[in-house]
Amino acid sequence: MTRAESSGLRLNLTLTALIIVLAFVSLMVGPAGLSPRQALEGLAGNGDPAAAIVVRDIRLPRTLLAILIGATFGFAGAALQGLLRNPLAEPALFGAPQAASVGASFVIAYGIAGATSFAVPVAGIVGALVSIGGLVAIAGRRASLSVTLLAGLALASLAGAATALILNLAPTPYAALEIAFWLLGSLEDRSMDHLWIAAPFFVASWALLALNVRAFRALTLGEDAAASLGVDVGRTRLMVVIGVALGVGAAVAVAGSIGFIGLVAPHLVRRAVHSDPARVCLPAALMGAALLTAADIAVRLVPANPNATAIEIKLGVVTAIIGVPFFLAMIFRERRLSDGASS
Amino acid sequence: MTAEPKLHVGDVVVRLGDRLIVDGASLDLAAGKLTMLIGPNGAGKTTLMRALAGLVPAEGRIDIGGRPLAALTPRDRARRIAYLPQGHVFHWPMPVAAVVALGRYPYGDAFSPVTDADRRAVAKALAATGTEGFASRAVTTLSGGERARVALARALACEAPILLADEPTVSLDPRHQLVVMELLARAAHNGGAVLAIVHDLAMAARFADRIVIMDRGRLIADGAPRDVLTAERIAAVFGVEALMVDDATGRHPVLLRPI
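Computed from a predicted structure; not experimentally measured.

## Points about the overall build of chain A
Reasoning step 1: Of the regular secondary structure elements, chain A holds 14 helices and zero strands.
Reasoning step 2: Across chain A, helices and strands are ordered from the amino to the carboxyl terminus as α-α-α-α-α-α-α-α-α-α-α-α-α-α.
Reasoning step 3: Taking 343 residues into account, the globule formula puts the C-alpha radius of gyration at 20 Å, and chain A, at 20 Å, falls close to it.
Reasoning step 4: Principal-axis analysis of the C-alpha atoms gives chain A an extent of 60 × 50 × 40 Å.

See below:
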């Protein structure tokens with residue numbers, strides 16, 4: 001085993017242990033605090049029936065969703081950074097999360113369903129799928145990277161405008177408020193139904209990305225050299241864009257927009273795998289899961305104003321508050337490196 | 001002994017958009033020979049080489065060992081042709097040994113472990129290029145000359161019978177230019193068919209077994225350096241007045257002034 005392999009393995013085991021601990025804490029924390037013993041008994045279904053309901057019906061779905069969504073964002077971020085060979089790439093780049101927001105906002109605005117019902121994720125996923133179709137249709141099957149990026153940018157802007165329009169035309173102020181809060185991202189009151197509708201998309205996303213992980217390593221030499229090594233660059237690009245859109249679209253459809261996990265998670269683990277763009281994917285996914293689970297615990301611990309509409313601080317707010325300073329630090333680091341190179 | 005040509009190129013035409021870049025190129029690359037492709041900027045050398053590597057669609061015949069290039073799977077093609085592009089790009093700060101190991105990409109898949117053959121090829125490529133001393137350093141921290149040698153090591157690690165190298169000596173100091181030229185010559189004399197694009201005519205005259213001159217999309221001369229590189233041709237193709245000098249290293253041009 002090389003040094004990169006052994007440090008990568010150690011990291012993966014540590015992160016897996018961390019996720020298990022965080023998941024357990026997530027089952028204990030909330031308005032009704034539970035002891036570790038009560039949480040375990042609740043999970044097993046014996047002991048206090050009230051605790052069992054809290055743990056199994058309320059906290060288990062949101063914990064599992066935090067893990068799956070966090071892992072999807074982490075994997076998607078690492079994959080896009082590998083594909084684009086750029087550490088600043090992030091999953092919202094191709095417009096899928098924005099398009100998912102449009103679908104969900106529409107359903108909430110026209111009172112077809114409440115913000116936590118089943119119809120919202122369905123509409124969000126439809127929105128994401130439409131955006132993928134649009135992207136592939138606009139950019140074409142064998143489009144260059146810059147054309148794909150521009151098409152994604154156009155779709156993301158269009159989707160942002162559409163969401164604003166829906167907010168603008170919302171039939172009641174309550175609907176507008178509900179959309180606004182939904183857009184902030186949350187795992188509050190999600191059920192196992194949400195998990196079941198999103199899980200197939202997560203699995204499909206992981207599978208599509210995993211098939212291309214090895215190509216990311218060859219792409220470190222640039223597209224020409226990678227192609228000469230036998231990588232079908234066009235197919236890799238298509239599969240990764242679709243894989244990211246499926247996973248991130250479904251995540252946003254279920255949980256609203258949650259930023260920065262996809263950007264931050266790969267960075268936190270990159271050094272340990274010696275910057276290998278293939279080997280970074282698994283720990284990035286695990287790190288994403290750990291980060292989002294931790295953030296979802298944090299929103300339950302930070303006291304929100306009890307008189308306000310929202311009971312909890314929104315998850316997307318927490319990830320952005322943590323993520324933005326990190327992003328700025330990275331930009332400053334890049335700037336220092338490029339200043340150093342040019343002087 | 002006349003070996004069967006490893007790479008047969010017959011009347012190849014490459015268009016990028018409406019522009020005709022390569023206009024009917026024909027060329028055979030034989031095993032054991034170092035061929036250098038020279039010509040002014042914009043002559044179409046890189047495009048021709050990319051076509052030979054299967055990276056741009058081309059009309060005409062490109063055969064490898066008698067089989068059409070287009071009929072090979074990308075993986076089969078990659079095992080037969082190692083291609084070293086211009087620029088020596090490395091996007092991630094991966095360790096040098098891991099970068100060189102990318103040369104073994106066509107031999108594995110996601111589930112196959114690294115084989116002894118892979119390890120031997122990587123060690124050999126590192127040793128041949130003198131890069132084993134910084135095998136564990138991040139490739140982005142290297143100097144231009146070191147990067148160029150790592151890029152060549154990556155291509156050598158493919159152990160493909162055909163090596164296409166696009167300006168492998170660019171940005172190298174004189175010593176490392178000679179090192180790389182000797183490496184290419186050795187790769188050829190060990191049985192490889194090597195085609196390299198270079199701009200240093202004196203280096204080409206000295207190290208090439210054969211020189212092909214490209215100008216405005218056409219191959220206009222092809223033969224032994226002594227026959228192909230003449231003062232008249234250098235004036236016509238490059239617009240440079242040259243003096244041909246014979247000395248212990250053979251006949252080579254000394255470039256005097258632009259015409």
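## Examining the sheet that holds strand E2 (residues 19-29) of chain B
Residue and element names in this part refer to chain B.
Reasoning step 1: Spatially, four strands are ordered E2-E1-E4-E5 in an open sheet, and the strand pairing comes out antiparallel. Edge positions in the sheet fall to E2 and strand E5 (67-68), since each of these pairs with one other strand and no more.
Reasoning step 2: The pairing of strand E4 (residues 59-64) with E5 spans two bridges and is antiparallel. Residue pairing across strands places aspartate 63 opposite proline 68, the latter belonging to E5.
Reasoning step 3: Contacts between helix H1 (residues 45-52) and the sheet are confined to strand E1 (7-16), E2 and E4, with E1 contributing the most and set at about 120° to the helix.

## Some points on the environment of B:Leu72
Residues and elements named next belong to chain B.
Reasoning step 1: Topologically, leucine 72 is positioned in the loop between E5 and helix H2 (74-80).
Reasoning step 2: Here the alpha-carbon distance between leucine 72 and glycine 54, two residues 18 residues apart in the chain, equals 9.7 Å.
Reasoning step 3: Among residues more than four places away in sequence, those in contact with leucine 72 are Ile64, Arg67, Arg77 and Arg80.

## Topic: the interface of chain B and chain A
Reasoning step 1: The partner chain A presents 26 residues to the 28 residues of chain B that form the contact.
Reasoning step 2: Note on chain B versus chain A: buried area summed over both sides is about 2200 Å², and carbon and sulfur give 63% of it.
Reasoning step 3: At the boundary of chain B and chain A, one finds one salt bridge.
Reasoning step 4: For the pair chain B and chain A, the interface holds seven residue pairs in polar contact (both at pLDDT 80 or more).
Reasoning step 5: Of all the elements in the fold, those that place two or more residues in the side of chain B that touches chain A are H2 and strand E6 (81-84) of chain B.
Reasoning step 6: When residues in the side of chain B that touches chain A are grouped by element, the largest group, four residues, is from H2(B).
Reasoning step 7: Partitioning the side of chain B that touches chain A into residue classes produces 18 nonpolar, four polar and six charged.

## Concerning the pattern of salt bridges
Residues and elements named next belong to chain B.
Reasoning step 1: This structure, assessed with the given rule, holds 22 salt bridges over all chains.
Reasoning step 2: Of the charged contacts in the structure, one is a salt bridge between arginine 119 and aspartate 116, with a shortest N-O distance of 3.0 Å. Taken as a pair, arginine 119 and aspartate 116 lie in helix H4 (residues 116-128) at a separation of three residues, close to a single helical turn.
Reasoning step 3: Among the ionic pairs, arginine 251 bridges to aspartate 246, the shortest N-O distance being 3.3 Å.
Reasoning step 4: Each member of the salt-bridge network shares a partner with another, and the members are Arg104, Asp118, Lys124 and Glu159.

## Here's the deal with the nonpolar core
As a rule of thumb, soluble globular proteins bury nonpolar side chains together.
Reasoning step 1: Core analysis: the biggest nonpolar cluster contains 175 residues, and A:Ile69, B:Val100, B:Val150 and B:Leu164 have the highest contact counts within it.
Reasoning step 2: It is helix H3 (residues 49-84) of chain A that contributes the most residues to this core, 13 residues altogether.
Reasoning step 3: For A:Ile69, the contacting residues outside a window of four places in its chain are A:Leu187, A:Phe202, A:Ala251, A:Ala255 and A:Leu292.
Reasoning step 4: Among the nonpolar cores identified, the runner-up in size contains seven residues, and A:Leu34, A:Ala39, A:Ala51 and A:Val54 belong to it.

## What about the pairing of E1(B)?
Residues and elements named next belong to chain B.
Reasoning step 1: Bridging between E1 and E2 involves eight bridges; their strand directions are antiparallel. Across the sheet, valine 12 pairs through a bridge with alanine 25, a residue of E2.
Reasoning step 2: Taking the residues that link successive antiparallel strands as the turn, the E1-E2 hairpin has two residues, and the phi of glycine 17 there is positive, at about 65°.

## Examining the layout of surface pockets
Over the atoms rolls a probe the size of a water molecule, and its path tells where empty space is left.
Residues and elements named next belong to chain A.
Reasoning step 1: As a volume, the second largest pocket reaches approximately 750 Å³.
Reasoning step 2: Among the elements that make up the lining of the second largest pocket, the one with the highest residue count is helix H14 (residues 315-342) (five residues).
Reasoning step 3: Partitioning the lining of the second largest pocket into residue classes produces nine nonpolar, eight polar and six charged.

## Things to note about the packing of aromatic side chains
Reasoning step 1: Across all of its chains, the model carries one aromatic pair over all chains by this definition.
Reasoning step 2: Consider the rings of A:Phe106 and A:Tyr110, whose centres lie 5.1 Å apart with planes at 45°: the pair is tilted.
Reasoning step 3: Classification of A:Tyr110 by relative accessible area gives partly exposed; the value is 40%.
Reasoning step 4: In this arrangement the basic side chain of A:Arg214 is found over the ring face of B:Tyr105, its NZ or CZ atom lying 3.9 Å from the centre.

## Comments concerning unusual backbone geometry
Residue and element names in this part refer to chain A.
Reasoning step 1: With a phi close to 60°, aspartate 189 is a non-glycine residue in the positive phi region.
Reasoning step 2: Secondary-structure assignment places aspartate 189 in the loop between helix H7 (173-183) and helix H8 (192-210).
Reasoning step 3: Judged by relative accessible area, aspartate 189 falls into the exposed class, the value being 52%.
Reasoning step 4: Phi at serine 275 is positive, roughly 60°, even though this residue is not glycine.

## Some details on the pairing of strand E3 (residues 33-38) of chain B
Residue and element names in this part refer to chain B.
Reasoning step 1: With five of six residues buried, E3 lies mostly within the body of the structure.
Reasoning step 2: Pairing of E3 with strand E8 (residues 193-197) involves five bridges; the strand directions are parallel. Its bridge partner being in E8, lysine 33 is matched across the sheet by alanine 193.
Reasoning step 3: Across four bridges, the pairing between E3 and strand E9 (residues 210-215) is parallel. Following the sheet pairing, methionine 36 is matched in E9 by isoleucine 211.

## Here we look at the sheet that holds strand E7 (residues 162-166) of chain B
Residue and element names in this part refer to chain B.
Reasoning step 1: Taking strand neighbours across the sheet as the criterion, the six strands line up as E6-E7-E8-E3-E9-E10 in an open arrangement whose pairing is mixed. Two strands lie at the open edges of the sheet, namely E6 and strand E10 (218-223), each paired on one side alone. Here the average twist between neighbouring strands, direction ignored, is 15°.
Reasoning step 2: Sitting on the sheet, H1 touches E3, E6, E7, E8, E9 and E10, and the angle it makes with E8 is about 150°.

## Observations concerning the side chain of B:Asp166
All names here are of chain B.
Reasoning step 1: On the secondary structure map, aspartate 166 appears in strand E7.
Reasoning step 2: Buried charge without a partner: aspartate 166 forms no salt bridge, and the closest opposite charge is lysine 45, 7.2 Å away.
Reasoning step 3: At 3.3 Å, the side chain of aspartate 166 and the side chain of glutamine 86 are in polar contact.
Reasoning step 4: In contact with aspartate 166, other than residues within four places in its own chain, are Thr46, Met49, Tyr83, Leu84, Pro85, Gln86 and Ile197.

## Structural notes on the packing of helix H5 (residues 119-139) of chain A against helix H11 (residues 233-255) of chain A
Residues and elements named next belong to chain A.
Reasoning step 1: Contact pair H5 / H11: the axes reach a minimum separation of 8 Å and the direction vectors enclose 160°. Considered as vectors, H5 and H11 are oriented roughly antiparallel to each other. Handedness of the crossing formed by H5 with H11: right-handed. In this structure, H5 contributes Val120, Pro121, Gly124, Ile125, Ala128, Leu129, Ile132, Leu135 and Val136 to the contact, and H11 contributes Leu238, Val241, Ile242, Ala245, Leu246, Gly249, Ala250, Ala253 and Val254.
Reasoning step 2: Considering only residue class, the contact of H5 with H11 consists of 16 nonpolar, two polar and no charged.

Criteria and cut-off values
Residues numbered from 1 in each chain as written. Chains lettered and ligands numbered in written order. Predicted model: local features only at pLDDT ≥ 70, side-chain atom pairs only at ≥ 80, totals over all residues. Heavy atoms only, no water. Helix = DSSP H or I, 4+ residues; strand = E, 2+ residues; numbered from the N terminus. Rg over C-alpha atoms; globule rule 2.2 N^0.38 Å. Pairing = 2+ DSSP bridges. Contact = heavy atoms within 4.5 Å. Axes fitted to C-alpha atoms, helices over the stretch in contact; angles between N-to-C directions. Buried area = accessible area lost by both parts, 1.4 Å probe. Salt bridge = Lys/Arg side-chain N within 4 Å of Asp/Glu carboxyl O. Polar contact = N/O pair within 3.5 Å; in protein donor to acceptor, adjacent residues only side chain to side chain. Nonpolar A, V, L, I, M, F, W, Y, C, P; charged D, E, K, R; others polar. Core = buried A, V, L, I, M, F, W, Y, C linked by side-chain atoms within 4.5 Å. Buried < 20%, exposed > 50% of the residue type's maximum accessible area, 1.4 Å probe, protein only. 1 Å grid on protein atoms, 1.4 Å probe; cavity = no way out; pocket = protein on both sides within 12 Å on 5 of 7 lines; lining within 4 Å. Points joined across faces, edges and corners; volume = space filled by probe spheres on them. Phe/Tyr/Trp six-rings, centres within 6.5 Å; stacked < 30°, edge-to-face > 60°. Lys NZ or Arg CZ within 6 Å of the ring centre and 35° of its normal. Lys, Arg positive; Asp, Glu negative; His and termini not counted. Parallel < 35°, antiparallel > 145°, perpendicular 65-115°, else oblique. Left-handed = near helix turned anticlockwise from the far one by under 90°.

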